[in-house]
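# A closer look at the structure
Listed below, chain by chain, are the residues.
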Amino acid sequence: RVPFLKILMRYAMKSIIKTSLLLLLVIVGAPAHAKPVTELNLILPELELDRVIAERIVELVKEDSGLQINLVPLPDGPMTALDALEAGIGDLAFAPNTGTYRETISTVIPLYPSVLHIVTDKARSTDSLDELFRGATIYAGPEGSISWSLAKRIVNGFELAPGEVDFVTDPQSVPDVIVLYAPIDRDRIMNDPRLENVKWFSFGAPEDVGNGSLVDLAIFLNPRLRPFVIPAGTFGELTPEPVVTVAVDNLLVARADLDKSVVYDIYAEILRLRPALFGTRPELYRPIDESVAQTNFVYSLHQGALAFLKRDEPTFIERYSGVAEVVATLLVCVVSGLFAIVKIYRIRRKNRLDEFLVEVIGIRNSVQPHSSEDERTAAMASIRALQDRAFELLVDEKLAADDSFRIFTELSNDTISRIQERRV
C-alpha cells in the first residue's frame, strides 16, 4: 500500500505543477494576444471649432477599437496641414473639400459643412459685393486659406484700383468686412460682443437658388460647393432674414499610403462616434449614405473607406446568381425540348416502319398453300418493292437503322424464302 500511495502522490503533484504552469502561461501570454493598438497622429486644426471636434474625436475613440489618436500641432512656419501629412508629420487632418488635387492625400470621410460667412458693419451697404468690398479693409483668415483665396478672387474680379481694398491678417483687428469659411457656431457668434452691430451678406433670396443666381454661378464654377441657407433667427437678431450663401464639406483626410485596414477601422469608428460628436451641435450634423463613393471630392476616396462602403455589396456570384438561375432554367427547357423533339421524330420513324411490317405480314397471310405460281411471284414482288421503299427512306433518314429495321429486313426475307419453298 505504501508504494502505491507514493506513486499516487507523485502523479498528483505532477498534475498540479503542470496545471499551475499552464495557468501562468495563459496569464502571462494573454496581453501578448490582445488586439494591438494602432496609434495615429491627427494634425491639430487652426480654427477653434475644428479643434473642439478634433479633441472630441481623440476623447471618444476607444482603445478597444484598436485605434488611438493623438493631436499633433503644426510646426512653426508656412506649412499647412496637408503639407504636414505629405511630410509624414501626421497621419490624419481636417481639410475643406476645395483646393488642388494631391496624389498623396486621400479622403476618409466627410465630417460637417463649412459655411461661407460674409459679415460687415450694419451701416455698410450690402446691395452688391462690389459696393461691399470697395474701399474696405477685409479680414479673410490667414493668408493662403480658403476664405482668403476666395476673397482675393472676388476682389480681383471687380478690377478695383490698387490700394482700394486692404487685406488684414490680424484676427484682433477691426475690419470693415469679414470673410470666413467656418462651421455654424451659434453659441460663439451670439455671445461675441464684437458682433453686436454686424449683418450678414446674402447672395439673394432662398427662392433664387436654382434660377441662375450668384450662388448658382459660384456652384457652376466650383461643383464642390453647394447652396446653403442660414435660416432666419439662426444667430438671433443678427440674422432677422434668411441668408443665402454656399457651403463646402469639411473632410477628414489621410495620407494615401496609410494602411487600408486602418482607414477601414477609422471610417467605422467615426460613424460610431457621430451621435456623440454632434449631439450638442446638431447644426453640424449631416447625413452620410452609400452615395459617399460618388461624391465629388477634391482628393480621391481612400481604398480603406471604399472597402467599408462596399462591405455589404453582393459578390460577383451573388450579383448574378438570379441571372444564372434563369439561364439554367432556360437551358433545361431547351434541352428537354430537344429531347422531346428527338423522341417524337424517332416515334414517327418507327410508325412508318410499323406500316411496312403490317404490309409484309398481310402479304404473307394472303399466300395460301394452294396459291398459284403467279400469286406467289406477285407476293414476292410486293415484298421486294416494300424493301426498296424502306431502304430509300433509310437513305433519306426518314427511317432509323435500329432493331425495328433489322426485324423488318429479317421478316421480309424470311417471308420471301417461305413463299419460294411453298411453306406458306
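Overview of the structure. Along each chain, numbering runs from 1 in the same order as the chain's sequence is written. Local features in this predicted model are restricted to residues of pLDDT 70 or higher, and side-chain atom pairs are both shown and tallied only at a pLDDT of 80 or more, whereas totals for entire chains, interfaces and linings draw on every residue. Computation of side-chain values: all heavy atoms of the structure, hydrogens and water removed.

## Observations regarding the overall build of the protein chain
Counting from the N terminus, the helices are DSSP H or I runs at least four residues long and the strands are E runs at least two residues long. Secondary structure assignment for the protein chain yields 13 helices and ten strands. For the protein chain, the proportion of its 424 residues judged to be buried stands at 36%. Whether two residues are in contact is decided by their heavy atoms, any of which lying within 4.5 Å being enough. Across the protein chain, the fraction of contacts at a sequence separation of at least 24, relative to all contacts at a separation of at least 6, is 76%. All accessible areas in this document rest on Shrake-Rupley with a 1.4 Å probe, and a residue is counted as covered only by the protein chains that are shown. With an accessible surface of roughly 25,300 Å², the protein chain has 58% of that area assigned to carbon and sulfur atoms. Buried means the residue's accessible area, taken with a 1.4 Å probe over protein chains only, is under 20% of the maximum for its type, while exposed means over 50%, and partly exposed covers the values in between.

## Re the packing of helix α2 (residues 48-60) against helix α8 (residues 260-277)
Packed helices, taken two at a time, are described by the angle their axes make and the gap between the axes. Only the stretch in contact is used when a helix axis is fitted, and all axes are lines through C-alpha atoms; the angle between N-to-C directions ranges over 0 to 180 degrees. Contact geometry for α2 and α8: axes closest at 10 Å, N-to-C directions at 115°. Judged by the sense of rotation from one axis to the other, the crossing of α2 with α8 is right-handed. Mapping the contact onto sequence places Ile53, Arg56, Ile57 and Leu60 in α2 and Glu269, Ile270, Arg272, Leu273, Ala276 and Leu277 in α8. Residues belonging to the contact of α2 with α8 are distributed by class as follows: seven nonpolar, no polar and three charged. Two helices cross in a left-handed way if the nearer one is turned anticlockwise from the farther one by less than a right angle. They cross in a right-handed way if the turn is clockwise. As a working rule, the residues Ala, Val, Leu, Ile, Met, Phe, Trp, Tyr, Cys and Pro are called nonpolar, Asp, Glu, Lys and Arg charged, and the rest polar, with Gly in that last group.

## Quick notes on the pattern of salt bridges
Here a salt bridge means any side-chain nitrogen of Lys or Arg lying within 4 Å of a carboxyl oxygen belonging to Asp or Glu. Summed over the entire model, instances satisfying the criterion amount to ten salt bridges. Residue aspartate 130 pairs with arginine 134 through a salt bridge whose shortest N-O separation is 2.7 Å. For aspartate 130, a relative accessible area of 26% gives the class partly exposed. With a relative accessible area of 36%, arginine 134 lands in the partly exposed category. As a salt-bridge pair, arginine 226 and aspartate 249 come within 3.3 Å of each other at their nearest N and O atoms. With arginine 226 in strand β9 (residues 226-230) and aspartate 249 in strand β10 (residues 243-255), the pair connects residues that are 23 residues apart, well separated along the chain.

## Some words on helix α12 (residues 373-395)
In this scheme, a helix's expected span is set at 1.5 Å multiplied by one less than its residue total. For α12, built from 23 residues, the straight-helix expectation of 33 Å at 1.5 Å per residue is met to within 8% by its first-to-last C-alpha distance of 33 Å. Those residues of α12 that sit buried are Arg376, Ala379, Met380, Ile383, Leu386, Gln387, Ala390 and Leu393. Phi turns positive, to about 60°, at glutamate 397, one or two residues after α12.

## Describing the pairing of β10
Regular strands have side chains that alternate between both faces of the sheet. Buried residues dominate β10, accounting for 13 of its 13 residues. At least two bridges found by DSSP between two strands is the condition for calling them paired. As defined by bridge partners, strand β3 (residues 92-96) adjoins β10 across five bridges and the pair is classed as antiparallel. Bridging across to β10, alanine 93 finds its partner in valine 253. Bridge count between strand β4 (residues 105-121) and β10: nine bridges; the pairing is antiparallel.

## Let's talk about a nonpolar patch on the surface
In this analysis, a patch consists of residues with relative accessible area above 30% that form no salt bridge, clustered at 9 Å for like charges and at 5 Å for the nonpolar side chains Val, Leu, Ile, Met, Phe, Trp and Tyr. On the surface, Leu214, Leu217, Phe220 and Leu221 cluster together into a nonpolar patch covering about 470 Å² of accessible area. Looking at the element boundaries, phenylalanine 220 is found in helix α7 (residues 214-221). Residue classification places phenylalanine 220 among the exposed positions, given a relative accessible area of 66%.

## Observations concerning the nonpolar core
Judged by nonpolar contacts, the single largest core of 46 residues is most densely connected at Leu92, Phe94, Leu252, Val253 and Ile266. Looking at this core, the element that brings in the most residues is α8, giving seven residues. Among buried residues, those of type Ala, Val, Leu, Ile, Met, Phe, Trp, Tyr and Cys that are joined through side-chain atoms within 4.5 Å constitute a nonpolar core.

## Section: the packing of aromatic side chains
For Phe, Tyr and Trp, where Trp contributes only its six-membered ring, two rings pair if their centres lie within 6.5 Å, and the inter-plane angle classes them as stacked under 30 degrees, edge-to-face over 60, or tilted in between. Taken as a whole and assessed by the stated rule, the structure comprises six aromatic pairs. Measuring from centroid to centroid gives 6.5 Å for phenylalanine 94 and tyrosine 112, while their planes differ by 85°, and the two rings are edge-to-face. Separated by 18 residues along the polypeptide, phenylalanine 94 in strand β3 and tyrosine 112 in strand β4 bring together distant segments of the chain. Residue class for tyrosine 112 comes out buried when judged on its relative accessible area of 0%. Note on tyrosine 267 and phenylalanine 308: the rings are 5.0 Å apart at their centroids and 35° apart in plane angle, and the pair reads as tilted. Of this pair, tyrosine 267 sits in helix α8 while phenylalanine 308 sits in helix α9 (residues 303-309), and the two are 41 residues apart along the sequence.

## A look at the environment of leucine 47
Inspection of the secondary structure assignment puts leucine 47 in the loop between β1 (38-43) and α2. Assessed through its relative accessible area of 35%, leucine 47 is described here as partly exposed. Each C-alpha atom of the pair leucine 47 and alanine 182 lies 7.9 Å from the other, and the pair is 135 residues apart in sequence.

## Remarks on the packing of α12 against helix α13 (residues 403-420)
One can describe the packing of α12 onto α13 by two numbers: an axis separation of 10 Å at closest approach and a directional angle of 160°. By the criterion of interaxial angle, the relationship of α12 to α13 is roughly antiparallel. Here the hand of the crossing between α12 and α13 comes out left-handed. Residues Arg376, Ala379, Met380, Ile383, Arg384, Leu386, Gln387, Ala390, Phe391 and Leu394 of α12 form the contact with α13, whose own contacting residues are Phe405, Phe408, Thr409, Ser412, Asn413, Thr415, Ile416, Ile419 and Gln420. Broken down by class, the residue content of the contact of α12 with α13 amounts to eleven nonpolar, six polar and two charged. Here roughly perpendicular refers to angles of 65 to 115 degrees, roughly parallel to angles under 35, roughly antiparallel to angles over 145, and oblique to all remaining angles.

## Quick look at the side chain of threonine 120
Positionally, threonine 120 belongs in strand β4. A relative accessible area of 1% means that threonine 120 is categorised as buried. Among residues more than four places away in sequence, those in contact with threonine 120 are Thr126, Leu132, Asp176, Val177, Asn197, Val198 and Lys199.

## Digging into helix α5 (residues 146-157)
Here α5 spans 17 Å end to end across twelve residues, near enough to the 16 Å set by a 1.5 Å rise per residue. If you check which residues of α5 are buried, you get Ser147, Trp148, Leu150, Ala151, Ile154 and Val155. For α5, the angular spread of the buried residues around the axis is 165°, confining them to a single face. Projecting away from the buried face of α5 at angles above 90 degrees are the exposed residues Arg153, Asn156 and Gly157. Of the surrounding elements, those touching the buried residues of α5 are β4, α4 (129-133), β5 (137-139), β6 (166-168) and β7 (177-182). Read the arc as the range of directions from the helix axis to the C-beta atoms.

What is shown is where atoms sit, not what they do.
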